[in-house]
Amino acid sequence: MAAQVTPQSEDFSRWYNDIVYRADLAAQSPVRGSVIIKPYGYELWEGIRDALDLRFKATGHRNAYFPLLIPESYLRREAEHVEGFSPELAVVTHAGGKKLEEALVIRPTSETIIGEAFSEWIQSWRDLPLLINQWSNVVRWELRTRPFLRTSEFLWQEGHTAHATDDEAEAETLQMLEIYADVAINEAAIPVISGRKSNIERFAGALRTYTIEAMMGDKRALQAGTSHNLGQNFAHAFDIRYLDENNQQQLCWTTSWGLSTRMVGAVVMAHGDDTGLRLPPRLAPWQVVIVPITRGDEERETVHASAQALKEELDDAGIRTHLDAREGLRPGFKFNDWELRGVPLRLELGPRDVASNSVVLARRDIPGREGKTSVARSGLTQAVVEGLQAIQSNMLNAATTFRDDNIHDARDYADLREIIEAGGWARGYWAGDDDDERRVKDETGATIRCFPFDQADDRGPCLLTDAGDGEIALFARAY
RNA sequence: CGGGGCGUGGCGCAGCCCGGUAGCGCGCUUGCAUGGGGUGCAAGAGGCCCCCGGUUCGAAUCCGGGCGCCCCGACCA
């Protein structure tokens, strides 16, 4: 802990790893590509999880839980799906000391086993829409892993729904993406861009995939959540049918959508600085930390009593507060320690403050003395509430400015190459086909992150092929 | 899968070339002092040196084989 973290400017990747381990979000595990999520990291995930779960339930979804192990044959029922996931499957071939009749796949995602269940659950149009979510772990044997951003096993939620019509399925797909964007922007303070994925970035087996794309501190893109309109592909593969009002058999239209612990990595990478994590107040496991400062035994008691009273007052106001009563550590050490851990607001309480009936507030988003103010004890709770709100919006504003400053318009391919080479995101009209897109990727390292919704009507000549009806696309190198 | 690195107290490493007592920093325990920006002193605890085999009187060290993890690229939430 005494050591500094690697500066972002020196090596962003190493900075990220340093932060994840030093801030106690995660620890390495004995298993390749899998991490132990430690309490602080898990609490951050819980904040994201709770924010999502609340919104899922408010929109009529119910949680359920499906098996971890899926019969191998299920994956094969949807051609594109099996092709997409085969290379990264972990497969159980033996159990109970015997070779299994049919191998079981550890779910990489649950469209298949849930599709199979849906085909039994759905009989009538009255059973629709069926709106299910599950919180679970999944395993994808990735070649290259990074804590939170890409691990062999990760936690996520996967929503699966079935509808009577194409329109309803599309509306559901978009609604869930909006929920993701809402959580990203208003809880995580990450100004994501919502849009549609290109063909080659589409989910294996989907008709259309929508995404929220986030810009990290090194200007690389991170797909932070996706929502898929599966059309009738899975309904067909798993025979998900219903009898309509006219007594006719109809195929359902299904969707799926997921957001994972990758979002924890997004929070780290979008907001962190060389001092450590910076957590948005709404998601911070501890929004406020109180550091008591004492000299000698007689002061210790009064200061600690005062600090304890302060904590209780903030607790009662619904503010997640931690009192750092560790003995034997100097205040300076604690200041640095909590800055590393990204706690938004620190309260310093010493004999001087007790004597003057005040408390020093230090904001994590404003470094050094600049971020410190002394407030009267009587107005403290209000000052804390306002401070947390100010930090939350300041973080979103800063991230938004950073994002917008690093997105540049590309009129032609030369522009695009230059922008990508300089490390930004390029925005331009696109009407190319899959091969054109692969070419851009091969030559620049950038992929189409999405066709943004908010510029969907803007059309023009393709930056690569010069065809006249290109949509606005965002290009970037991604994690 | 290609390239690189590394396996030695909890963590980070040195020792290995040149074989012979297992060492340093941090952390941990106890005590005293200290305390408004990364504490000081003192005394302690803690190690199948990744595994298997070989060479040798003797292996962390030399030789052979294996295993594992991390980092960098291509595939992906």
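Look up: the structure comes first, before these words.
Calculation notes
Residues numbered from 1 in each chain as written. Chains lettered and ligands numbered in written order. Predicted model: local features only at pLDDT ≥ 70, side-chain atom pairs only at ≥ 80, totals over all residues. Heavy atoms only, no water. Near = heavy atom within 4 Å. Polar contact = N/O pair within 3.5 Å; in protein donor to acceptor, adjacent residues only side chain to side chain. Helix = DSSP H or I, 4+ residues; strand = E, 2+ residues; numbered from the N terminus. Nonpolar A, V, L, I, M, F, W, Y, C, P; charged D, E, K, R; others polar. Pairing = 2+ DSSP bridges. Axes fitted to C-alpha atoms, helices over the stretch in contact; angles between N-to-C directions. Disulfide = S-S within 2.5 Å. Phe/Tyr/Trp six-rings, centres within 6.5 Å; stacked < 30°, edge-to-face > 60°. Buried < 20%, exposed > 50% of the residue type's maximum accessible area, 1.4 Å probe, protein only. Lys NZ or Arg CZ within 6 Å of the ring centre and 35° of its normal.

Asker: How would you explain the protein's contact with RNA strand B if you had to name every residue and give the values?
Answerer: Around RNA strand B, a shell composed of 45 residues is seen, among which Arg144, Arg150, Arg262, Arg300 and Asp353 lie nearest. Each atom of RNA strand B within 4 Å of the protein was assigned to sugar, phosphate or base; sugar and phosphate come to 42%. Thr151 places a main-chain nitrogen or oxygen 2.5 Å from a base nitrogen of RNA strand B. Gln223 has a polar side-chain atom sitting 2.5 Å from a sugar or linking oxygen of RNA strand B. At the level of elements, α1 (12-22), α10 (331-340), β17 (345-349) and α11 (351-356) are the ones that each hand at least two residues to the surface near RNA strand B. Ranked by residue count, the leading element in the surface near RNA strand B is α10, at seven residues. Residue composition of the surface near RNA strand B, grouped by class: 13 nonpolar, 14 polar and 18 charged.

Asker: Summarise the sheet that holds strand β4 (residues 69-71); cite the residues concerned and give the values.
Answerer: Spatially, three strands are ordered β4-β6-β5 in an open sheet, and the strand pairing comes out antiparallel. The sheet is open, and its two borders are formed by β4 and β5 (90-95), each paired with just one other strand. Within this sheet the neighbouring strands show an average axis-to-axis angle of 45°, counted without direction.

Asker: Let's hear about the state of the cysteines: which residues, and what values?
Answerer: Cysteine pairs can be covalently joined through their sulfur atoms, and such a bond is termed a disulfide. With the rule as written, the count across this model stands at zero disulfides. Looking at the unpaired Cys462, the closest cysteine sulfur is the one in Cys450, lying at 16 Å.

Asker: Describe the packing of aromatic side chains, naming the residues involved and giving the relevant values.
Answerer: Within this structure, the stated rule accounts for 13 aromatic pairs. Between Phe154 and Trp156, the ring centres sit 5.7 Å apart and the planes meet at 90°, which makes this aromatic pair edge-to-face. Note on accessibility: Phe154 and Trp156 belong to one class, buried. Its guanidinium or amino end placed over the ring of Tyr74, Arg77 lies 4.7 Å from that ring's centre, counting from NZ or CZ. Here the guanidinium or amino end of Arg346 rests over the ring plane of Phe335, the centre of that ring lying 4.2 Å away.

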